[in-house]
Amino acid sequence: MPLFGKKEETKVDFSRLPRHVAIIMDGNGRWAKSRGLPRTAGHAAGAETFRTIATYCREIGIEYLTVYAFSTENWKRPAEEVSAIMGLLKKYLLEAIADMEKQKVRFCFFGDMTPLPAELQKLCRETQDRSAKFEGCQVNICLNYGGRDEIVRAARAFAADCMAGATEPEALTEEKFGDYLWSAGVPDPDLVIRPSGEERISNFLLWQSAYAEFYFTDVNWPDFGKEELRKALAAYQGRSRRFGGV
Ligand code: FPP
């Protein structure tokens, strides 16, 4: 194979990877528009990118990957676009179930599933239950998820436990509060990636990303390949994490 013209891969120290990477999969619409395609084509390309990145994360040994697939605010989009995203999720989950024994990926869903189409809810439950035994890599898919909504629900659930006499306000610690979130048992994200040139959190993992490192890039999500992830990992490895200390 001639090496001429071959671009060098960004160097990553694979022995110092973040345990948990979280991604806001943004820029599908702009990617499609720039090609004169409908927005739904951008989501289809984004779903393929998700597959590539999730597979790569498993291969290199990232323990947790969390992606923002559909926010509590995304219902404001045209019905046709919402239903295309739901359709892509269904297709992906059906394929993931078929592939599960091989991939050994544990799937979890963060968010209130109840407003989703019944068939998709069932599929999410089945995927979560059937993959619970796998220990390779955990992929958390945020669906109908909002960070503020998650915190409000947790506060409500804690208050209900207090009313029921199961606990009391003084017993609440940051750690205990975490047990009421969708992400209970999952370590906080070390690295949050947002492609597409936007530099905001958009209600994603508000509680959990308190000490996360952020990585932004202009590349749209459908163009975010393995090399883009390596760049993000290399940037992360160049940061000094002090968690409020010196
Ligand atoms: C944001 O791009 C993307 C979404 C709201 C949907 C993400 C969904 C997928 C990638 C497909 C299904 C997911 C899985 C896990 C299989 P945007 O539409 O806001 O882009 P724009 O800002 O350029 O308009």
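The notes below deal with the structure included here. All values reported here derive from a predicted model rather than from experimental measurement.

So, the environment of Glu-119
1) Next: Its place among the elements puts Glu-119 in helix H4 (residues 118-131).
2) Next: Since its relative accessible area comes to 53%, Glu-119 is described here as exposed.
3) Next: Residues Glu-119 and Val-246, 127 residues apart in the sequence, show an inter-C-alpha distance of 51 Å.
4) Next: For Glu-119, the side chain forms a polar contact with the side chain of Lys-90, separated by 3.1 Å.

Points about the site of the ligand
1) Next: Close contacts around the ligand come from 17 residues, with Met-25, Gly-29, Arg-30, Arg-39 and Arg-77 the closest.
2) Next: One of the backbone nitrogen or oxygen atoms of Gly-27 is found 3.3 Å away from an oxygen atom of the ligand.
3) Next: Taking Arg-77, its side chain carries an N or O atom lying 2.7 Å from an oxygen atom of the ligand.
4) Next: When the free accessible area of the ligand is taken as 630 Å², the share hidden by the protein chains comes to 92%.
5) Next: Residue assignment for the shell around the ligand shows that the elements contributing at least two residues are helix H1 (28-33), helix H2 (39-60) and helix H3 (79-103).
6) Next: Ranked by the residues each element gives to the shell around the ligand, the list is headed by H2, at five residues.
7) Next: For the shell around the ligand, a count of residues per class yields seven nonpolar, six polar and four charged.

Digging into the sheet that holds strand S3 (residues 105-110)
1) Next: Read across the open sheet, the six strands follow the order S3-S4-S2-S1-S5-S6; overall the sheet is parallel. Of all the strands in the sheet, just S3 and strand S6 (213-216) have a single pairing partner and so form its edges. Taking each pair of neighbouring strands and ignoring which way they run, the sheet shows an average axis angle of 20°.
2) Next: Looking at chain direction, strand S5 (residues 191-194) and S6 are connected through four bridges and run parallel. In the sheet register, Leu-191 faces S6, and the bridge partner there is Glu-213.
3) Next: Lying on the sheet, H4 is in contact with S3 and strand S4 (137-145); it crosses S3 at an angle near 140°.

Structural notes on the packing of aromatic side chains
1) Next: For the structure on display, the rule yields 11 aromatic pairs.
2) Next: On the basis of an interplanar angle of 15° and a centroid distance of 4.6 Å, the ring pair of Tyr-68 and Phe-204 is categorised as stacked. With Tyr-68 in strand S2 (residues 64-71) and Phe-204 in the loop between S5 and S6, this residue pair connects regions lying 136 residues apart in the sequence. For the residue pair Tyr-68 and Phe-204, the accessibility class agrees, reading buried in each case.
3) Next: Ring pairing ties together the aromatic residues Phe-50, Tyr-92 and Phe-107, which thus form one cluster.

Quick word on the pairing of S3
1) Next: Most of S3 is tucked away, with six of its six residues classed as buried.
2) Next: Burial along S3 is two-sided: Val-105, Phe-107 and Phe-109 facing one way and Arg-106, Cys-108 and Phe-110 facing the other are all buried.
3) Next: By the bridge criterion, six bridges tie S3 to S4 in an arrangement that is parallel. Bridge pairing links Phe-109 to Ile-141 in S4.

Scoring rules and cut-offs
- Sequence order as written defines residue numbering, which begins from 1 separately in each chain.
- This being a predicted model, a pLDDT of at least 70 is required before a residue's local features are given, and a value of 80 or more before pairs of side-chain atoms are given or counted; all residues contribute to the totals for chains, interfaces and linings.
- Computation of side-chain values covers all heavy atoms of the structure but excludes hydrogens and water.
- Segments assigned H or I by DSSP are reported as helices when at least four residues long, segments assigned E as strands when at least two residues long, and all are numbered from the N terminus.
- Burial classes follow relative accessibility: with a 1.4 Å probe on protein chains only, a residue under 20% of its type's maximum area counts as buried, one over 50% as exposed, and anything between as partly exposed.
- Two N or O atoms count as a polar contact when they lie within 3.5 Å, although within protein this holds only if one can serve as hydrogen donor and the other as acceptor, and sequence-adjacent residues are included solely when both atoms are side-chain atoms.
- One heavy atom within 4 Å of a molecule or strand makes the whole residue count as near it.
- Here the Shrake-Rupley method, with its probe set to 1.4 Å, supplies the accessible areas, and only the displayed protein chains count as covering residues.
- Under the scheme applied here, ten amino acids are nonpolar (Ala, Val, Leu, Ile, Met, Phe, Trp, Tyr, Cys and Pro), four are charged (Asp, Glu, Lys and Arg), and all others, including Gly, are polar.
- Any two strands with at least two DSSP-identified bridges between them are counted as paired.
- Between N-to-C directions, angles cover 0 to 180 degrees, with each direction set by a line fitted to C-alpha atoms, over the stretch in contact for helices.
- Should any heavy atoms of two residues lie within 4.5 Å, those residues are counted as being in contact.
- Stacked, tilted and edge-to-face are the three classes applied to pairs of Phe, Tyr and Trp rings, where Trp contributes its six-membered ring and a pair requires centres within 6.5 Å; stacked means planes under 30 degrees apart, edge-to-face means over 60, and tilted covers the rest.

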